[in-house]
Structure formats: C-alpha cells, structure tokens
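# Structure at a glance
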Number of protein chains: 4
Amino acid sequence: MEKISDGSYVVIIYRDRKYLKKVKKGDLFSGKGGNIPYDEIIGRDFGIKYGEYLIFKPTIEDVVMLGIKRETQIVYPKDGFYICMKLNLKNGSKLLEIGTGSGALTLLFSRACGPNGKVVSLEKEERHYKNAKRNLETYCELKNVALILGDVTNCREKEFDACFVDVREPWSLMQYVRESLKPSGIFGTIIPTTNQISDTLKGLQDGFGDIEVMEILLRKYKTLPERVRPFDRMVAHTGYLVFARKVKE
Amino acid sequence: MEKISDGSYVVIIYRDRKYLKKVKKGDLFSGKGGNIPYDEIIGRDFGIKYGEYLIFKPTIEDVVMLGIKRETQIVYPKDGFYICMKLNLKNGSKLLEIGTGSGALTLLFSRACGPNGKVVSLEKEERHYKNAKRNLETYCELKNVALILGDVTNCREKEFDACFVDVREPWSLMQYVRESLKPSGIFGTIIPTTNQISDTLKGLQDGFGDIEVMEILLRKYKTLPERVRPFDRMVAHTGYLVFARKVKE
Amino acid sequence: MEKISDGSYVVIIYRDRKYLKKVKKGDLFSGKGGNIPYDEIIGRDFGIKYGEYLIFKPTIEDVVMLGIKRETQIVYPKDGFYICMKLNLKNGSKLLEIGTGSGALTLLFSRACGPNGKVVSLEKEERHYKNAKRNLETYCELKNVALILGDVTNCREKEFDACFVDVREPWSLMQYVRESLKPSGIFGTIIPTTNQISDTLKGLQDGFGDIEVMEILLRKYKTLPERVRPFDRMVAHTGYLVFARKVKE
Amino acid sequence: MEKISDGSYVVIIYRDRKYLKKVKKGDLFSGKGGNIPYDEIIGRDFGIKYGEYLIFKPTIEDVVMLGIKRETQIVYPKDGFYICMKLNLKNGSKLLEIGTGSGALTLLFSRACGPNGKVVSLEKEERHYKNAKRNLETYCELKNVALILGDVTNCREKEFDACFVDVREPWSLMQYVRESLKPSGIFGTIIPTTNQISDTLKGLQDGFGDIEVMEILLRKYKTLPERVRPFDRMVAHTGYLVFARKVKE
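None of the values given here were measured: they were computed from a predicted structure.

### Brief notes about the interface of chain B and chain C
- The partner chain C presents 22 residues to the 22 residues of chain B that form the contact.
- Summed over both partners, the interface of chain B with chain C buries about 1900 Å², with 44% contributed by carbon and sulfur atoms.
- Seen at the junction of chain B and chain C, the total is 2 salt bridges.
- The residue Arg219(C) makes a salt bridge to Glu215(B) at a minimum N-O spacing of 2.7 Å.
- Here chain B is connected to chain C by 19 residue pairs in polar contact (both at pLDDT 80 or more).
- When contributions to the side of chain B that touches chain C are tallied by element, the ones reaching two or more residues are α6 (194-203), β12 (208-221) and β13 (233-235) of chain B.

### A closer look at the interface of chain A and chain B
- Counting residues at the interface gives 64 residues for chain A, matched by 64 residues for chain B.
- Of the roughly 5500 Å² buried between chain A and chain B, counting both surfaces, carbon and sulfur atoms make up 60%.
- Linking chain A to chain B there are 12 salt bridges.
- Asp210(B) is paired through a salt bridge with Lys18(A); the nearest N and O atoms lie 2.9 Å apart.
- Here chain A is connected to chain B by 31 residue pairs in polar contact (both at pLDDT 80 or more).
- Of all elements in the fold, only β5 (48-50), β6 (53-56), α1 (60-67), α2 (77-86), β11 (181-191), α6 (194-203), β12 (208-221) and β14 (240-246) of chain A reach the threshold of two or more residues within the side of chain A that touches chain B.
- Among the elements that take part in the side of chain A that touches chain B, β12(A) stands out by supplying 13 residues, more than any other.

### So, the side chain of Asp62(B)
- Along the polypeptide, Asp62(B) turns up in helix α1 (residues 60-67).
- Assessed through its relative accessible area of 3%, Asp62(B) is described here as buried.

### Description of unusual backbone geometry
- Not every positive phi belongs to a glycine, and Ser184(A) is a case in point at roughly 70°.
- Checked against the element boundaries, Ser184(A) lands in strand β11.
- Non-glycine residue Asn88(C) carries a positive phi angle of around 60°.
- Along the chain, the position of Asn88(C) falls in the loop between α2 (77-86) and β7 (94-98).
- Residue class for Asn88(C) comes out buried when judged on its relative accessible area of 13%.

### Notes on the relation of the copies chain A and chain B
- In screw terms, the move from chain A to chain B is a rotation of 180° and a rise of 0.0 Å along the axis, fitting with an RMSD of 0.0 Å. Both chain copies can therefore be described as sitting about a two-fold axis. For chain A, the residue whose C-alpha comes nearest the rotation axis is Leu217(A), separated from it by 2.4 Å.
- Interface residue correspondence from chain A to chain B reaches 100%, placing this contact among same-surface, isologous pairings.

### Structural notes on the domain arrangement of chain A
All names here are of chain A.
- We note that the domain assignment places domain 1 (9-58) and domain 2 (65-246) within chain A.
- Here domain 1 and domain 2 have C-alpha centroids that lie 32 Å from each other.
- With 4 residues of domain 1 at the interface, the matching set in domain 2 holds 4 residues.
- Buried area between domain 1 and domain 2, both sides added, is near 330 Å², and the carbon and sulfur share of it is 77%.
- Of all residues in domain 1, Tyr9, Lys18 and Leu20 give up the largest surface area on contact with domain 2, accounting jointly for 94% of the area buried on that side.
- Put simply, domain 1 and domain 2 have 0 salt bridges between them.
- At the junction of domain 1 and domain 2, the tally comes to 0 residue pairs in polar contact (both at pLDDT 80 or more).
- Element by element, the count of residues in the side of domain 1 that touches domain 2 is highest for strand β2 (residues 17-22), at 3 residues.
- Classifying every residue of the side of domain 1 that touches domain 2 by side-chain character gives 3 nonpolar, no polar and 1 charged.

### Let's talk about the packing of aromatic side chains
- All chains considered together, the criterion is met by 28 aromatic pairs over all chains.
- Ring plane angle 55° and centroid distance 5.3 Å describe the contact between Tyr9(A) and Tyr139(A), whose orientation is recorded as tilted. With Tyr9(A) in strand β1 (residues 9-14) and Tyr139(A) in helix α4 (residues 126-139), this residue pair connects regions lying 130 residues apart in the sequence.
- Its relative accessible area of 23% is what places Tyr9(A) among the partly exposed residues.
- On the basis of relative accessibility, which here comes to 17%, the residue Tyr139(A) falls in the buried class.
- Pairing Phe29(C) with Tyr53(C) gives two aromatic rings, centres 5.5 Å apart and planes at 80°, and the pair type is edge-to-face. Of this pair, Phe29(C) sits in strand β3 (residues 28-31) while Tyr53(C) sits in strand β6 (residues 53-56), and the two are 24 residues apart along the sequence.
- Assessed through its relative accessible area of 4%, Phe29(C) is described here as buried.
- The class for Tyr53(C) is buried, based on a relative accessible area of 1%.
- Members of the aromatic cluster, joined through ring pairs, are Tyr14(A), Tyr19(A), Phe29(A) and Tyr53(A).

### Considerations on the packing of helix α2 (residues 77-86) of chain B against helix α3 (residues 104-113) of chain B
Residues and elements named next belong to chain B.
- Where α2 contacts α3, the two axes come as close as 10 Å, and the packing angle between them is 40°. The angle between α2 and α3 places the two elements in the oblique class. Here the hand of the crossing between α2 and α3 comes out right-handed. Only Leu105, Leu108, Phe109 and Ala112 of α3 make contact with α2, whose side of the interface consists of Gly80, Phe81, Ile83 and Cys84.
- Here the contact of α2 with α3 is built from residues that sort into 7 nonpolar, 1 polar and no charged.

### Description of helix α4 (residues 126-139) of chain C
Residues and elements named next belong to chain C.
- For α4, with 14 residues, the first-to-last C-alpha span of 20 Å sits near the 20 Å given by 1.5 Å per residue.
- Of the positions making up α4, those classed as buried are His128, Tyr129, Asn131, Ala132, Asn135, Leu136 and Tyr139. Taken around the axis of α4, the buried residues stretch over an arc of 165°, which confines them to a single face. The outward face of α4, more than 90 degrees from its buried face, is lined by the exposed residues Arg127 and Glu137.
- On its buried face, α4 is in contact with β1 (9-14), β2 (17-22), α1 (60-67), α3 (104-113), β8 (118-123) and β9 (145-149).

### Some remarks on the sheet that holds strand β6 (residues 53-56) of chain B
Residue and element names in this part refer to chain B.
- Taken together, 4 strands build an open sheet; the order of strands is β2-β1-β6-β5 and the sheet is antiparallel. If you trace the sheet from one side to the other, it starts and ends with β2 (17-22) and β5 (48-50), each paired once. Geometrically, the sheet is characterised by an average inter-axis angle of 30° between neighbouring strands, direction not taken into account.
- When β5 meets β6, the two strands line up antiparallel, connected through 3 bridges. Considered in β6, the bridge of Lys49 is made with Leu54.

### Some details on the pattern of salt bridges
All names here are of chain B.
- Applying the stated criterion across every chain, the model contains 88 salt bridges over all chains.
- The salt bridge partner of Glu157 is Lys94, with a shortest N-O separation of 3.4 Å. Of this pair, Glu157 sits in the loop between β9 (145-149) and β10 (160-165) while Lys94 sits in strand β7 (residues 94-98); the two residues are 63 residues apart in sequence, bridging distant segments of the chain.
- On the accessibility criterion, Glu157 (26% relative accessible area) is partly exposed.

### Looking at a negative patch on the surface
- A cluster of like negative charges, contributed by Asp6(D), Asp27(D), Asp39(D) and Glu40(D), occupies part of the molecular surface.
- Counting through the fold element by element, Glu40(D) comes out in the loop between β4 (34-37) and β5 (48-50).

Rules behind the numbers
Residues numbered from 1 in each chain as written. Chains lettered and ligands numbered in written order. Predicted model: local features only at pLDDT ≥ 70, side-chain atom pairs only at ≥ 80, totals over all residues. Heavy atoms only, no water. Contact = heavy atoms within 4.5 Å. Buried area = accessible area lost by both parts, 1.4 Å probe. Salt bridge = Lys/Arg side-chain N within 4 Å of Asp/Glu carboxyl O. Polar contact = N/O pair within 3.5 Å; in protein donor to acceptor, adjacent residues only side chain to side chain. Helix = DSSP H or I, 4+ residues; strand = E, 2+ residues; numbered from the N terminus. Buried < 20%, exposed > 50% of the residue type's maximum accessible area, 1.4 Å probe, protein only. Least-squares fit on C-alpha atoms with pLDDT ≥ 70 in both. Domains from an automatic or database assignment. Nonpolar A, V, L, I, M, F, W, Y, C, P; charged D, E, K, R; others polar. Phe/Tyr/Trp six-rings, centres within 6.5 Å; stacked < 30°, edge-to-face > 60°. Axes fitted to C-alpha atoms, helices over the stretch in contact; angles between N-to-C directions. Parallel < 35°, antiparallel > 145°, perpendicular 65-115°, else oblique. Left-handed = near helix turned anticlockwise from the far one by under 90°. Expected span 1.5 Å × (residues − 1). Arc of directions from axis to C-beta. Pairing = 2+ DSSP bridges. Patch = residues over 30% accessible without salt bridge, like charges linked within 9 Å, V, L, I, M, F, W, Y side chains within 5 Å. Areas by Shrake-Rupley, 256 points an atom, 1.4 Å probe, with all protein chains shown as cover. Lys, Arg positive; Asp, Glu negative; His and termini not counted. Charge placed at Lys NZ, Arg CZ, Asp CG, Glu CD.

Set out below in structure tokens:
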C-alpha cells in the first residue's frame, strides 16, 4: 500500500483550515496547530492524525482548490464536474478546450478523458499559458493534454467529441467550434453574466440543438449532529453554464 | 466515423420532449412530431434533423434520465457527478457501492473508475438486483462492475479507495465501511432527510475526518435570448450528501 | 369574540388541500373529506375541526392565493410582502401602483398603507380593471384604494411616497415615475426576465440612487418531525425585483 | 414637504457603503467620500446629492440593518416581513412576541400592527431588555409596544391574534402559546437548526393545524446593465420558519 514518501503531496487539515503540501525530507510544516517535521510522517500511511492535524492523500478537488497557482478566475469543482458530465467525457474522449486559464478545468478534463483520451487546450495569453503549463506539470496525472499557446487559428485539428469554451465572448467562436466538432458533438461554456447568456444563445441559433442553460448551486452544512444547519454564507454565483449539441445542416 | 446503425441507441428530441430509443431495422419511432422509419436514418451520422426531430448520440445523462428502468428512486446526474468527484474516482479506482438500487449511479461509477478500475456493488433486494443487472447489461460501457446480490456480509473484499452507501441507515454500516476502506479512503452517502444527516454525523465520530455535508441545486433557464429567465419550477430537493475520509486510529 | 357567521369567509383545509369559501346559511361545502353543512358551523369559533377538516379564519395570504380571481399572473405573497417593506409602506403612506393586474398586490398595498394611507392604482386594460375591481370589492379591508381605468396620463396626482410598476416595460415610464414621487421616494418593479433587468437599470441611470436588484426564493419543508426535508419541487422563479430611490437633480 | 432638520435621521450612501446618522446642528459627518457639515443640508429635501454622497430618508430596513444596536442575532428584514404576513398582521392586530432580543423584529411588528394594534413583547434577560428598550425609544414610530422584562409567567394577557416566539426551545412554550392565542390565532417561530424544526413540529402535534415550515432566500444582483449577475456571495442561512394555527380541541 502507498505510503507517504519524500515528494508526496499531502492535505493537512487543522480545524477548518486545509493546506496542500509537498513532503520534503528534512523539512517541516508549520501551522496554527504546531509543527509537523516531515521525517516523522515519511513512511507512514495517508489518513493519519498528527497532534491535532489530520493528514490525507489529496483528491483532485484538493489540488484544484488548494494546489494550482491561480492567475485567472478558475472554474470551481462544483461546476467542473457537472461540465464533464454534460460533455459526456469518458476514457477515450477527444476534447477541445478554448481558454486554458490557470488549467483548473484542464486537470478535470484530463482525468475525465482518461489514458486513451486527449485534451487539446488553447491559451492565447503567454503568461496564463506558462502558469497553466506549470500547474499541469505539477499536478496532472496523465500525459493526455496538448497545451497550445495561441488562439483558434493555431489548432486545425477536427473531429472533437466535445468543445468547452471559457473566453469572454464564446459567441464569436461558434463557427469554428461547429467545424471542430464531430456530428452530435457537444459544446459547452461558462459565463458570469446574463447578457452573455443572451449573446451565446443567439450564437447557437444555427447548427446546434438541445440547447440548455443552467447554474449549479452548492450549499454546505455544518457538521455538528445536534445542530444541523447550513453555513451562514455561501458562494452565490460562479457562472451560468450553456450546452448544445452540433446538428448537421 | 460512427454512424447510426441497427442496434444503436439514439436520443430523439421534439421540442421539450426527449426519448432514448434503440434503432431497429424495419421498425419505426412514432411521436408527437410524426414517424421516423429507422431505415431512413440507418447509415447516417448522429446529430441530424429529421422533420422537426433532432437525433443525437446519447450521453450518459440521457441514459440515466431516459434509459434505465427505475424500480427505486435514482440518484440524479447533478448529484452523481459531484459524488464521483468527491470520491476522487479516476481510471484505476476501486469503489464499493452499498445499495445498487436501479444502477443509475453504478453506471456513473463504472465510467469514472475507467477500464483499469473496479466497482463492487451490493444490492440485497433480489428484485432491485435483477433490474439493476438488466440496466447494466444494456447500458454499461465497461466490464468493471461486480454486482452482488446480498448485504455487506457478502463482500469480504477490502482496500477500497472509496465507498458509497445508498441505504436508509448508512450509520449502521460505518464499522464495516471503515474496515473496507484503505487509509485515507473516502466515504460518501446520499440521504433525503435532515434527521439522517444527524445520525450519519454521529456514526462518523470515530475513525473519520474531513467530514462535509452539502446539497447541490440545479436551476435551469429558458433559452430564448430575448427573454432569459429561470424555468418556473425546479427540483428543490433530491438528497443531502455527506462525505468523510478514513483516519487510522 | 368573532364567530363564524352567515357571510363569513373561511379557509377549509383537508390534508394538503385548502379552500377559501363564503359561508352561506342553508348551503354546504362538499370536498374530498365529505360535506360541511354551513348551518352546523355558523355561530361557532374559527379554528375548529369538522370531521377531518380544519376550519380557519382566512389570512391575507389565503385571500391572495385562493380567493381572488386571476386574469393575469399575480405577484406572489413571498414577493408582495418584501415589496411592501422595500417601499417602506406604513400607515399613512401614499402609494402609486402602475398595472393593477388582478389586484393581488393592491390588496397587500392597501393593508400596508393602512387607514390613513392611500393607494392609487392604474390599469389600462378594461377587462383586468373590472376583475381587479371585483376582487377589491370582495376582499379589500380598507377604503383606501382608488382604482383608475387608464394609463399614466390619467393620473396627475403627485407627491407619492412610493411607486410600484408592474408592466412589461417599466423603463418607458421612468420619467413619469420620477415626477410622481416625493424626493427620496421609492420606486419598485417586478420583471420576469434578465433582459428586463438590463433595460430597467438603464432607465434608472438619471435621477435615481441606491439601486438594488434581487430575487426572493421560498423553499418549503415537509412537516413530519422524524423526516424533515424540503418538498421535492418548488417555485424556482416568479420575478426579479428592482428598487431605487429618487434623487433630486 | 418634510425637510432635513436638526434631529432628523438620514441614510448616507457612498458607493456600496451605507450609514444611518442623526443630523445635528453644528456637527458633521465624516466618511470615505469626505465631510458633510450638517448645517449645509439642514433645511434641504431628503433625496439629494452632496459631493459623491447620496442622502435619503431612512426606511425601516435601514433602521433595522444600520440603526439598532445589536446585542443578539437579529431577525433579518427578508424574514421579518414574511413573518408579518404569515402572522396576518394588520392595523388593529394584537401580537405577543416572546423573546424581544434586540427589538429588530419588534419594530416591524409595531409598524404592522398599526396605530390601533398592540404588541406585547417579553424579554427575560435584563441586558437585552434594556438594549431593546433603547432601540425602541429611538426608532419606534408608534406607541403600541409594551415591552416586559420577564418570561411567560409575567404576561397573563390572552386573546392574542398571533404569537411569535424567538427563543432557543420554542417547543417548551407551546401550552402557554396555545392558551394565549385566540381560536384560529397564528403561531410562528424562527430557528437556526433542523433539529429544532423536528422538536418544534413535535410540540405542535396537539392543538395546532395548518403547520408549515420554510426558509426564505434572498439573492442580490449587481446593477451594471451590461453585466447583470448575482453577487459572488450571499447569506445562505438565517433561520427556518415554522407557522401553525390554533385549533380548538
């Protein structure tokens, strides 16, 4: 069974704080609950207590929320996983992502497309491209992502199963998106404003069907069994999601 | 490229109605928008118009919502995909599901665990077991599911990466769940009432950490660009989700 | 103490069904739970059991939801009472309503403005005007409503404390609304689409301040103490509310 | 028409900040947008600009949110106004409030019960009683509130139209509440946890009908017409509301 080793990533939890850290021989973690000399946990199982700390093996949600370096607004896991489903991703899927951003969603796409799938991701800002590249090199489990510095003119590949667009004006790319998709291929986007919903819907009027618009709300509850109740505050809005499927004219 | 063929499943959409159908040579589909003789679409691409109908290749959401025969309340895709993320499933994961029900979630688990993963699913009601078996035989893409007629005494396998429980009293199984999980392994459940949240939280007080309770709300919008607005009514509740990670004592 | 009498309105509840009825000597109520001959309840208190029925004195919510005849989409109580607060209505307030509709909100406004207040309500469709008039004659408690058949050209009164607009294009009336309000007077509207939010906000750019946009969601729960949970479905959308206060230029 | 005068309360708005202040001759307001010497606004209308500031006449919501001194968790206006409706309050209503807290809800009750109504409000903590008394003396418009230092043994009055309970264990008072209400009188409470919903529902099993449980969610939107979208975060929970009507046994 897998043990904590030099170079492992761990999630360290202290009360309601979480940290994602890389274990390093000879080094230590220092937080509100005191120190954890890494040498004392190397060789032990994940899923242990250390003083008041809990130490777990990171999940992909931990990586997205705590690990990746953000230079852009990221797509949150609550949306990211719903997107993967709506795009019908599975092992072997071939996906085009336009707008890599910090690569948070790219990580989820990579996992969802599996070892036999492929993710082509375009990012036109060099700074974001470099940051996303580092994030993927650090955290991506699979070698199925082709990260491209450039815009849609830099990818002539076609026959994608799905295409996800995370740019300000997705409607400006609909012609390209249609041509890149297989018949019955799925388009998706995330946009923060209702004005963008209108514009995206207008962009989908030709050559797409089964259009859907929705938002996902995540409401978290406190965990005292005698006092079950939602947290006082919540994230009220991340973005609206729009999906459609390509129809052959 | 894949074409519609005899035996293909198709999603047929007419305005706001959707049907999942198996194409059969010589047969026809009959709906509000008229007939579709299957012979006329065999050999054509997915993603086409036929009269007022649209015909697409089914997604896993289509299969769960329209395809599987339901003998129990199913876990909806909005929850199902969030569950897959929280359980950190990926190609190669080994998952235990207690309470197969109609197998809707099992389909998602199978896809999420990928060709190198494994899903062991227990169902103690013979009627549900048989129905789930049929659903999986019809719709499951991978051969990675072991469906077992029986309760937890019928599975002595251990070292699961994650365990999802969909029974009325998940708290009664926590000892078993803990023993079945790897260290740092993840437990999840879905329960309809707040009383069950309390009981589940009590059941998690020993040997688990990073406990979380939440619900996922999906709000759909109409798709007229000039009149963007939510639908009048929505599903207000499916279930509360509880997750925790195993801690070694 | 007030008793049920000939001519009283009563709310009759049978399981999850509610009826608003006018008690009539010699007549009877007939429902799923059997008959209630009115003579048997005349002279008794409100708040009684009759067989499996419960009989209560109607609230204003009962009247709005069950009593008034609807020829238009009504403003629901969850929104109506929030509107009364945001318009800062109290005994003595003078309110202008543009778009009486079926008069549901007018009933609430009448109550909120109290015996010393005044509600002027404009409705330009004769059919709606007549229906609203009947609803108010039947259910309005106070004589503080002036219902006018006509549009804004038919009301030259000014110095209103607040103005509520329930028409399709509230932004087309903003000049008139401003002139009708006292300084610091409050404008409100309810609109179903996000496109209308944009247009209303544009209409408020001159001469208004403290602009707010919001929606109110009401989520109901089942009432079994051992199985506390929301109802399966809910009203997901009635309308967006916009409020602003007049600023003197 | 009413003008700003020495001793007036005003709401001062600077971008997204709001202040409730009492105007005082010779004094000044100092904030992020600079100073407002009160002498320069005394004698002017409400609803004016002063530099980048907007100055309005306060609403009851302003008073509750910005004015009253809080020594307890207050009931927010979104809930408060819905409560007034569910309790069917109108000019002339006689209401019992158990648990005055800081008096926020008492202010709303006072207004809703009008000049011919009456609010009896009980508070057993002397500190809270004194604070609520000050808040009411400062902000209450009507002389219809009797504030009592004590618990339910200190109020022998009966025949209330409605009773609102805001204490930790409302179920412990149900016998008293029933006796205090008129037939068909309405009970209400606000409670933060689902465990309390269960207990309250158990307390209502005898002598009450038409039981309802719900929560009110308020979602606010940004006000740029070209970028309509909800705010990023919202209040996710204040309390659950329970209402019931007294049934004569």
